[in-house]
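# Structural overview for review
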Amino acid sequence: MKIALQNHFLIAMPGIEDPFFKKSVIYICKHDSSGTMGIIINKPIENLKIKDILIKLKIKNIKEENKEINKPVILGGPQSGDRGFILHSSKKNFSSSIKVSKKTLITTSKDILESIEKLEKPKNILVALGYCSWKKNQLENELLENSWLTAPANSYVLFKVPMKKKWNEAAKILGADIKKITINFGHA
């Protein structure tokens, strides 16, 4: 049976020690027969705000009172750390927007960042550098090894929950207290 994980959260099990993935919540943007692509949504990059990216890209008319520009940029994963990925809710498509769900898009073009100071800006936004990827069947094998929990994604956890609480809150979607889950398991 093939599972469909697009628009789901991958929630790292407590036993994962890899610094990229320890206590990570990953939003799955693509999951098909060729593999999986996702963005870590709860690992802010120290001392890097959206405003810093706007300045680096020479985007003009930045309003300091705009609270969106003071949000942290997220470490989206170990792949292509120099590439930006913007998860957002919006009715407007930007030049490179891909619909992940009815409510969420991912965009890699500069025009979305230029819209942050305009009326057509997205209601919710997460800016990440880098992404996560798995080859065909690689993620499915990690799921069989109990490395991850999966839960249907929701906009509240994706955009509203503070970074430090996303791991716990994503697990609560399943009714689980992630801190009480054991990493030990057996086979009958």
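Figured I'd write up the structure that's included with this text. Every value quoted in this text rests on a predicted model; they were computed, and no experiment measured them.

## Brief notes about unusual backbone geometry
Notably, asparagine 7 is not glycine yet its phi reads approximately 65°, a positive angle. Take asparagine 7: it is sitting in the segment before strand E1 (8-12). Relative accessible area serves as the criterion here: at 22%, asparagine 7 is assigned to the partly exposed category.

## Notes on empty space enclosed by the protein
Within the structure shown, the criterion is met by 1 cavity of 30 Å³ or more. The class makeup of the residues in the lining of the largest cavity is 3 nonpolar, no polar and 2 charged.

## Things to note about the nonpolar core
Among soluble globular proteins, nonpolar side chains are generally buried collectively. Residues Phe9, Ile26, Tyr27, Ile39, Leu87 and Trp148 are the most contacted members of the largest nonpolar core, which totals 42 residues. Grouped together as the second largest cluster of nonpolar side chains are 15 residues, Ile53, Ile86, Ile112 and Val127 included.

## Observations concerning the side chain of lysine 166
Mapping lysine 166 onto the fold places it in helix H5 (residues 166-172). This buried residue, lysine 166, is left without a salt bridge; glutamate 169 holds the nearest opposite charge, at 11 Å. Here leucine 158 takes part through its backbone oxygen, which lies 2.6 Å from a polar atom of the side chain of lysine 166. Contacts of lysine 166, omitting those with residues within four sequence positions, involve Val25, Ile41, Asn42, Leu126, Val157, Leu158, Phe159 and Val161.

## Brief notes about the environment of isoleucine 125
With respect to the element layout, isoleucine 125 can be found in strand E9 (residues 124-135). Assessed through its relative accessible area of 2%, isoleucine 125 is described here as buried. For the pair formed by isoleucine 125 and histidine 31, sequence separation is 94 residues and the distance between their alpha carbons is 22 Å. What isoleucine 125 contacts, discounting residues up to four positions off in sequence, is Glu68, Lys71, Ile86, Leu87, His88, Ile116 and Phe159.

## Observations concerning the packing of aromatic side chains
Applying the stated rule across the entire model yields 5 aromatic pairs. When the centroid spacing of 5.8 Å and the interplanar angle of 85° are considered together, the rings of phenylalanine 21 and tryptophan 148 count as edge-to-face. Of this pair, phenylalanine 21 sits in the loop between E1 and strand E2 (25-32) while tryptophan 148 sits in strand E10 (residues 148-152), placing them 127 residues apart in sequence. Pair check on accessibility: phenylalanine 21 and tryptophan 148 agree, each one buried. Plain terms: the ring middles of tryptophan 134 and tryptophan 148 are 6.3 Å apart, the flat faces sit at 85° to each other, and that makes the pair edge-to-face. One end of the pair, tryptophan 134, is in strand E9; the other, tryptophan 148, is in strand E10, and 14 residues separate them in sequence. The same class applies to tryptophan 134 and to tryptophan 148, which are both buried. One aromatic cluster in this structure is built from Phe20, Phe21, Trp134 and Trp148.

What counts and what doesn't
- Residues numbered from 1 in each chain as written.
- Predicted model: local features only at pLDDT ≥ 70, side-chain atom pairs only at ≥ 80, totals over all residues.
- Heavy atoms only, no water.
- Helix = DSSP H or I, 4+ residues; strand = E, 2+ residues; numbered from the N terminus.
- Buried < 20%, exposed > 50% of the residue type's maximum accessible area, 1.4 Å probe, protein only.
- 1 Å grid on protein atoms, 1.4 Å probe; cavity = no way out; pocket = protein on both sides within 12 Å on 5 of 7 lines; lining within 4 Å.
- Points joined across faces, edges and corners; volume = space filled by probe spheres on them.
- Nonpolar A, V, L, I, M, F, W, Y, C, P; charged D, E, K, R; others polar.
- Core = buried A, V, L, I, M, F, W, Y, C linked by side-chain atoms within 4.5 Å.
- Lys, Arg positive; Asp, Glu negative; His and termini not counted.
- Salt bridge = Lys/Arg side-chain N within 4 Å of Asp/Glu carboxyl O.
- Polar contact = N/O pair within 3.5 Å; in protein donor to acceptor, adjacent residues only side chain to side chain.
- Contact = heavy atoms within 4.5 Å.
- Phe/Tyr/Trp six-rings, centres within 6.5 Å; stacked < 30°, edge-to-face > 60°.

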